[in-house]
Amino acid sequence: MANKTADKPKWQHIGVLSKQQILVTRGVKMLGKVMLALLGVFIIILFLPWRQTIPGRGTVTALRPEDRPQTVQNQIGGRIEHWAVREGEKVEKGDTILIISETSQSYFDPELPLRLREQLTAKEGNEGAASQKMQATAAQMRALTKGLSIQLTAAKNKVKQAENVVSIDSADLVAVTRFFEISKARLVRYEAGYVNGLFSLTDIESRRLKLQEDNAKVVSQQNKLNNSVQSLLNARIELDNIRAEYDQSLAKAQSEMSSALSRKVTAQGEIAKLRNEISNTDIRRGLYVVRAPQTGFVVKTLKAGIGENIKEGESIATLQPEAPLIAAEIYVDAMDVPLILMNSDVRLQFEGWPSVQFSGWPSVAVGTFAGKVSVIDLVSSSGGKYRLLVTPTDPVPSKDQPWPKQLRQGSGVYGRVILRSVPVWYGMRYGGN
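Just so we're clear, the structure is a prediction, and the values are computed from it rather than from any experiment.

Would you mind showing me how to read the sheet that holds strand E7 (residues 296-301) here?
The strands making up a sheet associate through hydrogen bonds between their backbones, and the pairing can be parallel or antiparallel. If you trace the 4 strands from one edge of the open sheet to the other, you get E2-E9-E7-E4, paired in antiparallel fashion. The two strands at the open ends of the sheet, each matched to only one other strand, are strand E2 (70-73) and strand E4 (90-91). As paired elements, E7 and strand E9 (residues 315-321) share 5 bridges and run antiparallel to each other. The residue bridging Thr-301 from the neighbouring strand is Ala-317, located in E9.

See below:
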């Protein structure tokens, strides 16, 4: 009790002491200095250079279409007889992959090419016969034309001769008619003189006999003229008949020429068809062996077994080309596409290769590889994203390594398309990746 009484004045005295004498304040000062230092560092960081980047994910692929995995197809249907490769095996261009046998009944005959060539020889003989027929018909037409010319000349001469005979007989008819008229006039005068006693009866009878003779001559000449006119008509009819017979013979020859030409054209069409069948048969027999279209590796066989039927154009194996030109196929959002340019730099991370990548500071990334944008799709892919094809940077930057040779198509890849350099505060303000 005495001690408590003795201590009471001491606690009362403490109330008038300053806080510096009560507590030690070095911790508060240290905290303030640390906060000031952190603020300074933060301000400095805000003005550090920051590289804007656009992220994208995808897979490893080939830049050229011919370097991408392809399926090998058979061009004809058939039955599998022998596999000449196994999965994972390397094949050269033209190496045998598969041998098939025929399943179409139209090609079962092993002597089919020989049979088709025999048919071709027969059709060529038909064509030759048709050509000879055309030549003979053409010679016949030339002979008809020449014969017509000769016959027409002779017939025209007969017509002219008949016309001349008609002219002569007409003139003779006029002459004898005139003589008849004179004889008639004389008889009239003699009869008048006989009545007057100037002529005797004998003279009258002589004149009458002369008149009858002249009349007979007129009748005879008239008949002769009629016969001449009839001969002229017959000559003209014969001329027309010659022309009609020529036209008929020429039409018949032309018909035979057309028939021969038709047979020749038909034979030529059948010859062309047979040649096409022979060529198709030879090519088809060469397709019994399915060969590698290019050098590469058989990734997977899509058909199995012996004796299995495969259809025309069916895929039988997957082939990976030997030395493809590797590219990275990554997809980016549509809103970022306008910022990407051809040949823009890209940093890539491949699955299976450990790496650390810092967004904004690609220079400090570890285990990444350099690339450049080679293709930007003009249309979006599924999901609304746009595809970029990235190829290795050539030449390889001094601090980088070339893309790994062990890359396989289809493996995953993560990339960042590098844009311009901006301060950190700009990237934070405008959402730079």
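What should I look at first to understand the nonpolar core in this one?
Most often, soluble globular proteins keep nonpolar side chains buried together rather than apart. The biggest cluster of nonpolar side chains holds 21 residues, and the ones touching the most others in it are Ile-340, Leu-348, Phe-350, Leu-388, Trp-403, Val-413 and Val-417. Counting residues per element, the ones that place at least two in this core are strand E1 (49-62), strand E10 (326-332), strand E11 (345-350), strand E12 (369-376), strand E13 (386-392) and strand E14 (412-423). Here the element with the most residues in this core is E10; it accounts for 4 residues. Leave out the neighbours within four places in its chain, and Val-417 touches Gln-52, Thr-53, Ile-54, Ile-330, Ile-340, Ser-344, Asp-345, Val-346 and Leu-388. If you look at the next biggest cluster of nonpolar residues, it comprises 17 residues, including Ile-76, Val-91, Tyr-288 and Ala-292.

Even after reading the chapter, I still don't get the packing of aromatic side chains, so can you show me in this structure?
Scanning all chains against the criterion turns up 2 aromatic pairs. Their ring planes at 45° and their centres at 5.5 Å tell us that Phe-350 and Phe-369 sit as a pair that is tilted. One end of the pair, Phe-350, is in strand E11; the other, Phe-369, is in strand E12, with 19 residues separating them in the sequence. The residues Phe-350 and Phe-369 share a single accessibility class, namely buried. Judged by centre distance (5.2 Å) and plane angle (65°), the ring pair of Phe-350 and Trp-403 falls under edge-to-face.

Even after reading the chapter, I still don't get unusual backbone geometry, so can you show me in this structure?
Trans peptide bonds make up the majority, and among non-glycine residues the majority have a negative phi. Residue Asp-394 is joined to Pro-395 through a cis peptide bond whose omega torsion reads 0°. You can see Pro-395 is positioned in the loop between E13 and E14. Positive phi, close to 70°, is recorded for Asn-343, a residue that is not glycine. Tracing the backbone through its elements, the reader meets Asn-343 in the loop between E10 and E11. Of the residues examined, Asn-343 reaches a relative accessible area of 53% and is grouped as exposed.

Is there a simple way to think about the sheet that holds strand E5 (residues 96-101) in this case?
Ordered in space as E6-E5-E3-E8, the 4 strands form an open sheet in which the pairing is antiparallel. The open sheet has two free edges, formed respectively by strand E6 (289-291) and strand E8 (309-310), since each of these has just one partner strand. In terms of strand pairing, E5 meets E6 through 3 bridges, oriented antiparallel. For Ile-99, the partnering residue across the bridge sits in E6 and is Val-289.

Where do I start with the confidence of the model for the protein in this structure?
In low-pLDDT segments, the atomic positions of the prediction should not be examined closely. Within the protein, residue pLDDT values average 81, and 84% of them lie at 70 or more. Predicted confidence in the protein is weakest over helix H1 (residues 2-14), with a mean pLDDT of 49, and strongest over E13, with 94. Overall, residues 1-8 carries pLDDT values under 50, and its contacts beyond four positions in sequence, including any with other chains, amount to 0 contacts.

Looking at this model, I keep getting lost on the pattern of salt bridges. Mind explaining?
When charged atoms on two side chains of opposite charge get close, those side chains can pair. Applying the stated criterion across every chain yields a total of 20 salt bridges. Put simply, Glu-66 and Arg-64 hold a salt bridge, and the shortest N to O gap is 4.0 Å. Two residues, Arg-284 and Glu-102, come together in a salt bridge whose shortest N-O distance is 2.8 Å. With Arg-284 in helix H5 (residues 201-286) and Glu-102 in the loop between E5 and helix H4 (112-195), this residue pair connects regions lying 182 residues apart in the sequence.

Reading guide: rules and limits
- Residues numbered from 1 in each chain as written.
- Predicted model: local features only at pLDDT ≥ 70, side-chain atom pairs only at ≥ 80, totals over all residues.
- Heavy atoms only, no water.
- Pairing = 2+ DSSP bridges.
- Helix = DSSP H or I, 4+ residues; strand = E, 2+ residues; numbered from the N terminus.
- Core = buried A, V, L, I, M, F, W, Y, C linked by side-chain atoms within 4.5 Å.
- Buried < 20%, exposed > 50% of the residue type's maximum accessible area, 1.4 Å probe, protein only.
- Contact = heavy atoms within 4.5 Å.
- Phe/Tyr/Trp six-rings, centres within 6.5 Å; stacked < 30°, edge-to-face > 60°.
- pLDDT = per-residue confidence, 0-100.
- Salt bridge = Lys/Arg side-chain N within 4 Å of Asp/Glu carboxyl O.

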